[in-house]
Structures are given as C-alpha cells and as structure tokens.
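# Residue-level structural notes
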Amino acid sequence: MRAVSIAAVWTFGWVVALLSEQSPSFKSGVSLVTVPVSVIPADGAEPTRTLTPADVHVLEDGRPQSISFVEVDTRPLSVAVVLDVSSSMLGLAREWAAAALREVAARLGPEDEMCLVVFGAWAIVPVSWTRVGQIDGVDWGQWVLPSSTALLDAVQVSIALMDKASNPRGVVLVLSDGLELVSATPLSDVVTTRRQSETEVHAFALDPLRDSEGRAQPPLWARKTPWGEPMPDYLRELAGDSGGLVHRIRDISGVRDRAEAFVSGLKSQFLVGYSSNRALDGRYRRIKVEPTRHGVRIRHRGGYLAMPATD
C-alpha cells in the first residue's frame, strides 16, 4: 500500500497540472461540421442499418443546412472511464462499477483504447491511453484515496485527456453514484470544455435497490447532500447535450444490459456532415438532426463551438 500511496501523490501532482492548464488544444476552426448520430428504432422495430441524406435534415440555430454526406461511423473509439472510489460507493455500487468496467472493456474492439481516471477527494490517472486488449484486470484494492468526492474535477481531467487520445472518437464513461462534494472546477467550466472537445459523455448511475446486507436504499433522486439539500443530478448535467446518456442501474442484471447497450450504441452510430456558410464567431451553435423516416428517433450532441482559426 505504501508504494501505491507514493504513486498516487505523484499522479495527483500531474492531475493538478492538467486542471491548471487554461484548456486543452482542441480544434480551433470548423470547415466541415460532423455530427455523430444514434438512430433509435421504434419499439419492436429492427435496428436501422442504413441512413442516407434523404432520411434526415439538419438545422443549425434553426436554419436548414445542406448535408454533404451520411455514412456509418467506423472510426475506432477512445473511451475515458471515470471510476468513483469515494466512500459513498462502498458495497454493491463499488462491485457493480468494477463489473461494468470489465463488461465494457470486453465488448470494445482491438483498435479501441481506454484510459482510467479514478477519483475520491481528488483524481488520479492510473491507466493512460492503452489499447483495450493490453489492459490488465482492475483491482479495486490498489487505490486508496481520501473519502470525499470530486466528480467534476475528475470529469474535467478525463476530457482534457482526449487531447492525447490516438483515436478520433472521444467518449467519457462515468461510473458513479453521482455525488459531488469538493471539486474546484465549476459545472459550467466542465460543460464548456466538453463542448469544445465535442466529447460524448455517458454515465452509469449506480443506484442499488438494497445495500450489501439486504437493507432497502432510497433511490438517488431522493437522497440528500450532507447539508440536507436535495442531491443535484450532476450525471445528467454532465451528459447534457453531448449526445450521451445516463444509464441508471438498480440491480445487478442491469450492469451487463447497460454495458451492452452502451457499446452497441457507439458501434452503430452514423456520421452526418454538413458545411456551414456562417462566419466562425466563437459562439455555441445549436444543432438539430431530425429524421424524415417514419418510426425512428435520432440522438446526437446539441451543438458545437464555432471557434475561429488561430495561427
């Protein structure tokens, strides 16, 4: 344990340096806007395996856009897993988080990569970007961090790491009960960084019906902070308009099901591309991709920052 503690202190210093940087060097200009979309079939319908420009139309800030292409998104994934080891995750939630990590890793492909951000009172990065097949099993016992919870700091670190990813499709997966207590990073800063990076944020909200001794537990939405206030739904805010989902897990069978849905959803996305004729003004532009095909729904990120090119 002593060696792990020394490593954690060293990594903590590196993470502080990451958080103190002004911002990662994300794309500074947009010539072609590309939007990953997930097509959700109506209940009982077969999954949609084809999508053409005639099947959708795109609005940018309410203005119709001319679609350049629609294609299956076969690009490999870079998945940053944000793992909560705080004291509120003791018991079944911790066990389910470890199981979810294993289930997700087992379903990713050989070209996909993962990194791991672990957090309690602060965040550490015990696994940097590594091809999935080269990652050894995860042992919960090797991370001992102060018991408070810095969820927002940890997600900010994970998004900053996207700048060092090898693959073009960045996804953050948070495994947590959603409690936040001590982060130095405001939620608004995390949302801005996420929008800059165009990172899709998903979360598994681990919410067991009973604790490890069989006693009933209230759902997360009914829980209070240590100050007696309703617990904010930080996981939903973090996913926000990124195109990601919050998967709420209340029993062990949900772990495998949600892991399957998470990975299969990423692997069956389409990429919609269009060129905007508006000047790059640094503002956030809202995107709406609407299906023209009957019986399907589309999920996608809510917009992009139209950052002007820099020298």
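The following paragraphs examine the structure supplied in this document. Quick caveat, the model's predicted, so the values are computed rather than measured.

### Remarks on helix α2 (residues 92–107)
- When the terminal C-alpha atoms of α2 are compared, their 23 Å separation across 16 residues agrees well with the 22 Å that a helix rising 1.5 Å per residue should span.
- Among the residues of α2, those classed as buried are Ala93, Trp96, Ala97, Ala98, Ala99, Ala100, Leu101, Glu103 and Val104.
- At its buried positions, α2 is contacted by β5 (77–84), β6 (113–119), β8 (169–176), β9 (200–206), β10 (246–249) and α6 (253–267).

### Overview of the environment of Ala160
- Summarising the element assignment, Ala160 is placed in helix α3 (residues 151–160).
- The sequence separation of Ala160 and Ser197 amounts to 37 residues, and the corresponding C-alpha distance is 8.4 Å.

### Section: the environment of Ser242
- Relative to the helices and strands, Ser242 is located in the loop between α5 (234–239) and β10.
- When its relative accessible area of 6% is taken as the criterion, Ser242 is described as buried.
- Considering only alpha carbons, one finds Ser242 and Tyr304, 62 residues apart in sequence, at a separation of 9.5 Å.
- Polar contacts involving the side chain of Ser242 include one to the main-chain carbonyl oxygen of Ala239, which spans 2.7 Å.
- Polar side-chain contacts of Ser242 include one of 3.2 Å to the backbone nitrogen of Gly244.

### A word on the environment of Ala97
- Assignment of secondary structure puts Ala97 in helix α2.
- Ala97 gets classed as buried once you look at its relative accessible area, which sits at 0%.
- In the structure, Ala97 is positioned 14 residues away from Leu83 in sequence and 7.4 Å away in space, judged by C-alpha atoms.

What counts and how
- Residues numbered from 1 in each chain as written.
- Predicted model: local features only at pLDDT ≥ 70, side-chain atom pairs only at ≥ 80, totals over all residues.
- Heavy atoms only, no water.
- Helix = DSSP H or I, 4+ residues; strand = E, 2+ residues; numbered from the N terminus.
- Expected span 1.5 Å × (residues − 1).
- Buried < 20%, exposed > 50% of the residue type's maximum accessible area, 1.4 Å probe, protein only.
- Contact = heavy atoms within 4.5 Å.
- Polar contact = N/O pair within 3.5 Å; in protein donor to acceptor, adjacent residues only side chain to side chain.

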